[in-house]
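One letter stands for each residue in the lines below.
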Amino acid sequence: MVRASLPTPPKTAAPERLVLLAFLVVILLGGSNAVAVRFSNQSLPPFWGAALRFMIAAALFWAVVRLRRVTLPRGRGLSGALIYGVLTIGVFYALMYWALTSVPASLTMVVLAIGPLLTLFIAVAHGQEALSARSLLGGLVAFGGILLAVGGQLGGQLPLLPLLALLVAASALSYGNVLFKSFPRSDPLVVNALALTSGSILLLIVSRLAGESWALPTDPSTLATTAYLVLCGSLVLFYLYLYVLQRWTASATAYSFLLFPISATLMGALLLGEPVNPAFLLGGLVVMAGVYIGALAR
């Protein structure tokens, strides 16, 4: 008797669900990061606060790399991880921490939401991706939703220098992500360890040049904020971000930044009691539609 063979489930279904789950966690943690940094900046100088956070995170990543005996990359893989850290940790977070001393978290995320479009154009310039109408449309729709959702809740105007700093930060992050795709693939654990190390060194140099004092936090609320930024906002967030970036295109991964303002505003409402108006809810739906068009529909 011949038995009919059952169809084999597709092997990519489970991994794709895991990537999507990681993408959603990145959105949640990325938006809350800006709110936590605002708390950190109240007690620590911005550059020193960023350097302290990433030095601790780097040490923890190196400990895991040592325990798991992960092989260090060589050649272009090693240089790529270090350059990635300088751009996406050192430059990006130095400018973002400084901007967050005077700019609300939700407004900061609105400006950084230009990142997916910048990433797309840079990836096209490097020949990694093709400029499709769907990607461009998705980015524009989502960015319009950001302005609709968060723009009505902003009471003040953004000064020129923080605006320029955030635009440069978004450009550095976008360029770093595209460069990362061009280097040989390595374990995300060791890439994060190397990137956080090179990024922390740059942040320490900037902090010293700015004349900041290097004191360890003692206030319980600052200690709790720093612990959250190290464990959730660095270890978990950076590992999952690279996990998604290795499996999706750079522009699709960057679409997480379009949802960061939504997450940041919700966190601000929960932690700081900031009101959420109907325009925010409508804009959130528009953003999700744009993200689906530009990233998830592929």
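Residues numbered from 1 in each chain as written. Predicted model: local features only at pLDDT ≥ 70, side-chain atom pairs only at ≥ 80, totals over all residues. Heavy atoms only, no water.

J.: Sorry, what's going on with the overall build of the chain here?
T.: Assigned secondary structure in the chain consists of 12 helices and 0 strands. Along its sequence from the N terminus, the chain presents helices and strands in the succession α-α-α-α-α-α-α-α-α-α-α-α. For the chain, with 298 residues in total, the buried portion stands at 50%. Carbon and sulfur atoms make up 70% of the accessible area of the chain, which totals about 14100 Å². (Helix = DSSP H or I, 4+ residues; strand = E, 2+ residues; numbered from the N terminus. Buried < 20%, exposed > 50% of the residue type's maximum accessible area, 1.4 Å probe, protein only. Areas by Shrake-Rupley, 256 points an atom, 1.4 Å probe, with all protein chains shown as cover.)

J.: Help me understand the nonpolar core, please; the structure alone is not making it clear to me.
T.: A general trend in soluble globular proteins is that nonpolar side chains are found buried together. Ranked by internal contacts, the top residues of the largest apolar core, which has 78 residues, are F54, F92, Y93, M96, L112 and L196. Residue contributions to this core peak at 11 residues, all from helix α9 (residues 220–245). Leaving out residues up to four positions away in the same chain, L196 has contacts with F54, A57, A58, F61, I89 and F238. (Core = buried A, V, L, I, M, F, W, Y, C linked by side-chain atoms within 4.5 Å. Contact = heavy atoms within 4.5 Å.)

J.: Would you mind going over the packing of aromatic side chains with me for this structure?
T.: Think of a pair of aromatic rings as described by two things: how far the centres are apart, and how the planes are tilted against each other in angle. As enumerated under the stated definition, the model contains 8 aromatic pairs in all. For the ring pair F23 and W248, a centre distance of 5.0 Å and an interplane angle of 50° mean the geometry is tilted. Here F23 is found in helix α1 (residues 13–41), whereas its partner W248 is found in the loop between α9 and α10 (250–254), with 225 residues between them in sequence. For W248, a relative accessible area of 13% gives the class buried. Three or more aromatic residues joined by ring pairs make a cluster, and in this case those are F54, F92, Y93, Y97 and F238. Cation over ring: R208 sits above W214, and NZ or CZ is 4.1 Å from the ring centre. (Phe/Tyr/Trp six-rings, centres within 6.5 Å; stacked < 30°, edge-to-face > 60°. Lys NZ or Arg CZ within 6 Å of the ring centre and 35° of its normal.)

J.: Explain the side chain of S174 here, please?
T.: Within the secondary structure, S174 sits in helix α7 (residues 160–182). Reaching out from S174, the side chain makes a polar contact with the backbone oxygen of A170 at a distance of 2.8 Å. Not counting residues up to four positions away in its chain, the partners in contact with S174 are G115, L118, T119 and I122. (Polar contact = N/O pair within 3.5 Å; in protein donor to acceptor, adjacent residues only side chain to side chain.)

J.: Sorry, what's going on with the confidence of the model for the chain here?
T.: One rule of thumb: low pLDDT means the predicted coordinates there are not for detailed reading. When pLDDT is averaged across the chain, the result is 82; 86% of the residues are at 70 or more. Residue range residues 1–12 is modelled with pLDDT below 50. Its contacts to residues more than four positions away, or to other chains, number 0 contacts. (pLDDT = per-residue confidence, 0-100.)

J.: How do you make sense of the packing of helix α3 (residues 76–99) against α9 when you look at a structure like this?
T.: Between two packed helices, both the angle of their axes relative to each other and the distance between the axes serve to describe the pair. Where α3 meets α9, the closest approach of the two axes is 14 Å, and the angle between their N-to-C directions is 135°. Here α3 lies oblique to α9, going by the angle between them. Between α3 and α9 lies a crossing of right-handed hand. Judged by residue contacts, Y84, I89, Y93 and Y97 of α3 engage L229, F238, Y241 and L242 from α9. Partitioned by chemical class, the residues of the contact of α3 with α9 number 8 nonpolar, no polar and no charged. (Axes fitted to C-alpha atoms, helices over the stretch in contact; angles between N-to-C directions. Parallel < 35°, antiparallel > 145°, perpendicular 65-115°, else oblique. Left-handed = near helix turned anticlockwise from the far one by under 90°. Nonpolar A, V, L, I, M, F, W, Y, C, P; charged D, E, K, R; others polar.)

J.: Hey, could you run me through the environment of S43 in this one?
T.: Of note, S43 is situated in the loop between α1 and α2 (46–68). Sequence separation between S43 and S221 is 178 residues; the distance between their C-alpha atoms is 9.4 Å.

J.: Just to check I follow, could you spell out helix α8 (residues 188–209) for this structure?
T.: The periodicity of an α-helix, 3.6 residues per turn, causes residues three or four positions apart to be oriented the same way. For α8, with 22 residues, the first-to-last C-alpha span of 31 Å sits near the 32 Å given by 1.5 Å per residue. At the exit of α8 stands G211, carrying a positive phi of roughly 75°. (Expected span 1.5 Å × (residues − 1).)

J.: Hey, could you run me through the packing of α7 against α9 in this one?
T.: Viewed as axis vectors pointing N to C, α7 and α9 meet at an angle of 60°, and their least axial separation amounts to 11 Å. The orientation of α7 relative to α9 falls into the category oblique. Judged by the twist between their axes, the crossing of α7 over α9 is right-handed. Where α7 abuts α9, its residues N177, F180 and K181 lie against Y241, L242 and L245.

J.: Quick question: what am I supposed to make of a nonpolar patch on the surface here?
T.: Where nonpolar side chains cluster on the molecular surface, the patch consists of W98, L160, L161, L164 and L167 and spans about 480 Å² of accessible area. Sort the elements by how many residues they give to the nonpolar patch and α7 lands first, with 4 residues. Here L167 lies in helix α7. (Patch = residues over 30% accessible without salt bridge, like charges linked within 9 Å, V, L, I, M, F, W, Y side chains within 5 Å. Salt bridge = Lys/Arg side-chain N within 4 Å of Asp/Glu carboxyl O.)

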